[in-house]
Amino acid sequence: MPPSLPPFDSTGNLNVPQDADGQLDYNLSRSWQAGDSVLNVLKLGDVQDAFNLGSFTLGDAVRLGGVDPTILSLSNFSFLKEETIADLVSQIPAIAGFRVSEVRPLYDLITQNIPNVAQSLPQMSNFRAWTEQPIAALAQLLEVGNLSLNHLDLSQYSFRQLPGLEQATLSSIRDWKNLHLAQIPGLGNVPFSAFFNSGQFLGLIAIHDVTYGGDSAHQESRSTPTQHSISGSYEVGFHYECAQVQGCDYLELNSPISLGSAGDPTRLHGARWIRGGNGAGGQMVPGGHGGLGTLNGGQEPTGRHPFGQAFKVVLSDTDESTGTGKFGLYFRVCHRSAFVDLGCTPYFIGPVPWFPTHEKGKVLVGLTELPPPSGIQEPELPPEVQAMIHQYDPGTASDQGSQICQVDSTKLDALSQQVLASLPRGEQAQAIKMIPLIMQSCAKAGVSEPAQLAYILATAQHETDFWNTMDEYSRHHYDECGWGEGMIQVTWCDKKRFVLQRLGLSAYRGISDRRLTQPAIAADALCRGMKEGWYGHMRPLAQCIAGGKADYRCARQQVNGTDQWQLIAGYAQKFQKVLTFTGSQAATGTTALTCSSTSQGSGKGTGQLQNPIPGAPVTSEFGPRASPCAGCSSLHRGIDLGVASHTPVKAADGGKVVYSGWMSGYGETVIVEHGRGLMTLYAHNSKRLVKVGDAVSAGQIITRSGQSGAGTGPHLHITVLEGATPGNPYSGREVDPRKYIKF
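Note that the structure is predicted; figures quoted are calculated from it, not measured. (Residues numbered from 1 in each chain as written. Predicted model: local features only at pLDDT ≥ 70, side-chain atom pairs only at ≥ 80, totals over all residues. Heavy atoms only, no water.)

## Overview of the overall build of the protein chain
Thinking step 1. Along the backbone of the protein chain there are 18 helices and 29 strands.
Thinking step 2. Relative to its full complement of 743 residues, the protein chain shows a buried share of 52%.
Thinking step 3. Considering only contacts in the protein chain between residues 6 or more positions apart, those separated by 24 or more positions represent 68%.
Thinking step 4. When the accessible surface of the protein chain is split by element, carbon and sulfur atoms take 50% of a total near 31900 Å². (Helix = DSSP H or I, 4+ residues; strand = E, 2+ residues; numbered from the N terminus. Buried < 20%, exposed > 50% of the residue type's maximum accessible area, 1.4 Å probe, protein only. Contact = heavy atoms within 4.5 Å. Areas by Shrake-Rupley, 256 points an atom, 1.4 Å probe, with all protein chains shown as cover.)

## Some points on the sheet that holds strand β5 (residues 272-274)
Thinking step 1. Strand order in this open sheet of 4 strands is β5-β4-β3-β13, and the pairing throughout is antiparallel. Bordering the open sheet on either side are β5 and β13 (362-364), each of which pairs with just one other strand. The mean inter-strand angle of the sheet, taken between neighbouring strand axes irrespective of direction, is 45°.
Thinking step 2. Sheet analysis places strand β3 (residues 205-212) next to strand β4 (residues 250-254), joined by 5 bridges and oriented antiparallel. When the sheet's bridge partners are listed, valine 210 is paired in β4 with glutamate 252. (Pairing = 2+ DSSP bridges. Axes fitted to C-alpha atoms, helices over the stretch in contact; angles between N-to-C directions.)

## Quick look at the packing of aromatic side chains
Each aromatic ring pair is described using two quantities: the centre-to-centre distance and the angle formed by the ring planes.
Thinking step 1. Counted according to the given criterion, the structure contains 10 aromatic pairs.
Thinking step 2. Measuring from centroid to centroid gives 6.5 Å for tyrosine 234 and tyrosine 347, while their planes differ by 50°, and the two rings are tilted. Of the two residues, tyrosine 234 sits in the loop between β3 and β4 while tyrosine 347 sits in the loop between β11 (341-344) and β12 (349-358), which places them 113 residues apart along the sequence.
Thinking step 3. Given a relative accessible area of 2%, tyrosine 347 falls into the buried group.
Thinking step 4. Arranged with centres 4.9 Å apart and planes meeting at 65°, the rings of tryptophan 273 and phenylalanine 327 form a pair that is edge-to-face. With tryptophan 273 in strand β5 and phenylalanine 327 in strand β9 (residues 324-331), the pair connects residues that are 54 residues apart, well separated along the chain. With respect to burial, tryptophan 273 and phenylalanine 327 carry one shared label: buried.
Thinking step 5. An aromatic cluster of three or more residues is present, and its members are Phe77, Phe79 and Phe159. (Phe/Tyr/Trp six-rings, centres within 6.5 Å; stacked < 30°, edge-to-face > 60°.)

## A few points about the side chain of serine 233
Thinking step 1. Topologically, serine 233 is positioned in the loop between β3 and β4.
Thinking step 2. Classification of serine 233 by relative accessible area gives buried; the value is 0%.
Thinking step 3. A polar atom in the side chain of serine 233 sits 3.3 Å from the backbone nitrogen of valine 236.
Thinking step 4. With residues up to four places along the chain from it excluded, the contact list for serine 233 reads Phe238, Val285, Pro286, Glu300 and Lys312. (Polar contact = N/O pair within 3.5 Å; in protein donor to acceptor, adjacent residues only side chain to side chain.)

## With respect to the pattern of salt bridges
Thinking step 1. Counting across every chain of the model gives 24 salt bridges.
Thinking step 2. With a shortest N-O distance of 2.7 Å, arginine 497 and aspartate 494 are connected by a salt bridge. On the criterion of helical spacing, the pair formed by arginine 497 and aspartate 494 is a turn pair, its members being 3 residues apart in helix α15 (residues 493-502).
Thinking step 3. Under the relative-accessibility criterion, aspartate 494 is labelled exposed at 58%.
Thinking step 4. Two residues, arginine 502 and glutamate 532, come together in a salt bridge whose shortest N-O distance is 3.2 Å. A residue pair is termed long-range when its members are at least 10 positions apart, and arginine 502 in helix α15 and glutamate 532 in helix α16 (residues 519-532) qualify at 30 residues.
Thinking step 5. Taking the relative accessible area as the measure of exposure, glutamate 532 reaches 32% and is therefore partly exposed.
Thinking step 6. Each member of the salt-bridge network shares a partner with another, and the members are Asp471, Glu485, Lys496 and Arg514. (Salt bridge = Lys/Arg side-chain N within 4 Å of Asp/Glu carboxyl O.)

## Focus: the state of the cysteines
Thinking step 1. Going through the model one piece at a time under the given rule, you end up with 3 disulfides.
Thinking step 2. The disulfide bridge from cysteine 242 ends at cysteine 248, spanning 1.4 Å between sulfur atoms. The S-S bond linking cysteine 242 to cysteine 248 shows a torsion near 65°; that makes this disulfide right-handed.
Thinking step 3. The exposure class assigned to cysteine 242 is buried, which follows from its relative accessible area of 1%.
Thinking step 4. For cysteine 248, a relative accessible area of 0% gives the class buried.
Thinking step 5. Residue pairing for cysteine 442: its cysteine sulfur links by disulfide to cysteine 527, the two sulfurs lying 2.1 Å apart. Across the S-S bond of cysteine 442 and cysteine 527 the torsion is about -75°, and the bridge reads as left-handed. (Disulfide = S-S within 2.5 Å.)

## Points about the sheet that holds β9
Thinking step 1. Pairing in this open sheet of 3 strands is antiparallel, and the strands run β8-β9-β12 from one edge to the other. Every other strand in the sheet has two partners, leaving β8 (312-319) and β12 as the edge strands with one partner each. Taking each pair of neighbouring strands and ignoring which way they run, the sheet shows an average axis angle of 30°.
Thinking step 2. As judged from the 6 bridges shared by β9 and β12, these two strands associate in the antiparallel manner. Bridged to leucine 329 within β12 is valine 352.

## Thoughts on unusual backbone geometry
Thinking step 1. Even without being glycine, aspartate 175 reaches a positive phi, approximately 55°.
Thinking step 2. Considering the arrangement of structural elements, one finds aspartate 175 in the loop between α9 (142-145) and β3.
Thinking step 3. The exposure class assigned to aspartate 175 is partly exposed, which follows from its relative accessible area of 46%.
Thinking step 4. If you check the backbone angles, methionine 538 has positive phi at about 60° while not being a glycine.
Thinking step 5. Residue placement: methionine 538 occurs in the loop between α16 and β15 (545-546).
Thinking step 6. Methionine 538 gets classed as partly exposed once you look at its relative accessible area, which sits at 42%.

## Notes on the nonpolar core
Thinking step 1. Ranked by size, the top nonpolar core spans 57 residues in total, and within it Ile435, Ile438, Tyr455, Ile456, Leu457, Trp467 and Met487 carry the most contacts.
Thinking step 2. Those elements that place two or more of their residues in this core are α11 (414-421), α13 (435-445), α14 (450-463), α15, α16, α17 (552-560) and α18 (565-578).
Thinking step 3. The contacts of isoleucine 435, once residues within four sequence positions are left out, are Val419, Leu420, Leu423, Leu457 and Trp467.
Thinking step 4. Listed in part, the 46 residues of the second largest apolar core include Val103, Leu170, Ile173 and Leu181. (Core = buried A, V, L, I, M, F, W, Y, C linked by side-chain atoms within 4.5 Å.)

## Digging into the packing of α13 against α14
Thinking step 1. At a minimum axis distance of 11 Å, the contact between α13 and α14 shows a crossing angle of 140°. Judged by the inter-axis angle, α13 sits oblique to α14. In the crossing of α13 with α14, the sense of the turn from one axis to the other is right-handed. Contact residues: α13 offers Ile435, Ile438, Met439 and Cys442, while α14 offers Leu453, Ile456, Leu457 and Ala460.
Thinking step 2. Each residue belonging to the contact of α13 with α14 can be placed in one class, and the counts come to 8 nonpolar, no polar and no charged. (Parallel < 35°, antiparallel > 145°, perpendicular 65-115°, else oblique. Left-handed = near helix turned anticlockwise from the far one by under 90°. Nonpolar A, V, L, I, M, F, W, Y, C, P; charged D, E, K, R; others polar.)

## Quick look at the confidence of the model for the protein chain
Thinking step 1. Of the residues in the protein chain, 73% reach a pLDDT of 70 or more, and the chain-wide mean stands at 77.
Thinking step 2. Across the protein chain, the secondary-structure element scoring lowest on mean pLDDT is helix α1 (residues 18-21), at 46, and the one scoring highest is strand β28 (residues 716-722), at 94.
Thinking step 3. Predicted confidence for residues 1-6 stays below pLDDT 50, and this span has 21 contacts to residues more than four positions away or in other chains.
Thinking step 4. Contacts from residues 258-265, a stretch scored under 50 in pLDDT, to residues over four places away or in other chains number 13 contacts. (pLDDT = per-residue confidence, 0-100.)

## What to know about the environment of leucine 253
Thinking step 1. Structurally, leucine 253 is set in strand β4.
Thinking step 2. Given the relative accessible area of 1%, leucine 253 is considered buried.
Thinking step 3. Each C-alpha atom, one on leucine 253 and one on leucine 268, is 6.3 Å from the other, the two residues being 15 residues apart in sequence.

Take a look at the structure:
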């Protein structure tokens, strides 16, 4: 990025395959002409991960790039001309609280358009009144918020006449990764030493220059090690050279751009991607760690991770005569639970064929990691992996001691009914799964003031995307503990540990610990957390909303800065209109809730089997059928119940858990022994809530439904086994569940 980089010395283009380009959040393809500046071709997205540009402010770029801010006008920031007033409020939060009269560019923009605006907004005819309004308030008026800066001559306004622009981060700009470096004044002059992590400049794509190997001789690198390898593993690094008896086939790569005398910052010129595998011409490298790391001899094919740890990309075949190669995907398994950390297997589960390559084509090397592509189907777990997991950790108990609740809509209290009725009909089916729990949890937490309860409901509505999800919609990873979870979107490892500790639950166990998405726990985290001040600025909600006064901006700061604070305030005001209770008597919703603990049950059977999900439709009967999917049997050994993922699944009768783990084809599976040779099997779950040896009661919730294993969508498969040997989950014969269960 320093100005010493010369222009391109030849014409070229970068045409990434559409399926790969679609995995990015910006357009990777582009072309250039000889003489074009690198700064006009490279985009912020190309170098974001290498330099952490998203956290840079516009002021940082100006200052570190040695640009005098007093000579900059708004026209130097070309991306601004497409922005509207509403866009600016969203992207530059600091501007929201300024009055219109204090921000000259916006004052002029509105003044120039006042005749058109006033026709549809009579209140705008009072000149003195609207100029003293906060910009955020006017931005909510559609006719004003949609006014674009392209109506102004931006060269007439200085850089600092737009408050907050200097402090705005690059990542706050709309579609920022598609901006070219030249569009940010000063950025092209910032020295490498000013960035967080230099040295990975445009390291995403390489050119497949020459193919070596693939014939019967495999002569390459039998005695002399390769040089400049870029393949290997997480355990040994990705510059693992090859010298072995069977030789090493490889692709020789080249940089995707010519940088003349500046050299090759990507260090891809002459780099070698070595073929992985056990056979002649292939190389295996150390991989995996912990107990599972000993499987497959602790070895995995050499390769790279352009998409992070999700899977490994391996050069699986080369053909020197045609100048081609093929890539495949390999997977691993990691297992951590409350009982044991078994580490991770090597990446040896595969291969899954991926894409071919040819000389002079493009190869994704991923020095800057890409998000994983969609539609990748992982292979089933090898038996030896399953065996080790079951030997050392026969089950998981991540939900031990928590509660799962179901709602009986016929028993809702009047207040909950009013709240639900106030929502659009399309939202009510989802909202009924959360609102009674919120009412109960808030009553338990002592939230008695209508305005506070209204704001808590409004927060939940916003954070759950109108009652549709307990997971942050973008799935953006904040740290190693993943994305926001629950009805208030708890983020960051430390905060998740803190919340579970304050709720009196066992310690947080990392990204696989999903308790904050359990509705009952999520509701407690929402209500207690907001009442007591666990989030944001960590102030109790009563400091913002109490005694008939409501500072909604302050209230939002206790959750997530000032993001969408006015929008959520509007939701809260609507809820408050229907919250008509007297004094401190809040609705509890307890009569509508049936809660079941996931702790130990009685283990006593009744001798009769119950429907594990009452009311669920049967979607596939026991017996012969046409195979519904690849890997699905044509002889159905149970009955399928069509339900959404995460639906609570109850034990058909009391008994003892004899299997809790992954089962080939069935995915996440639990088997309960009921005595007298009778067992029930529950398959394709999203989560297991009991472990081997647990005693369970009839009707106790033991799993959550899902779509793990082979199948066509979310459902529960239940099998009934007769004549089983006590303690042996692999014994017995399958019979039609209708013999014992009324569906």
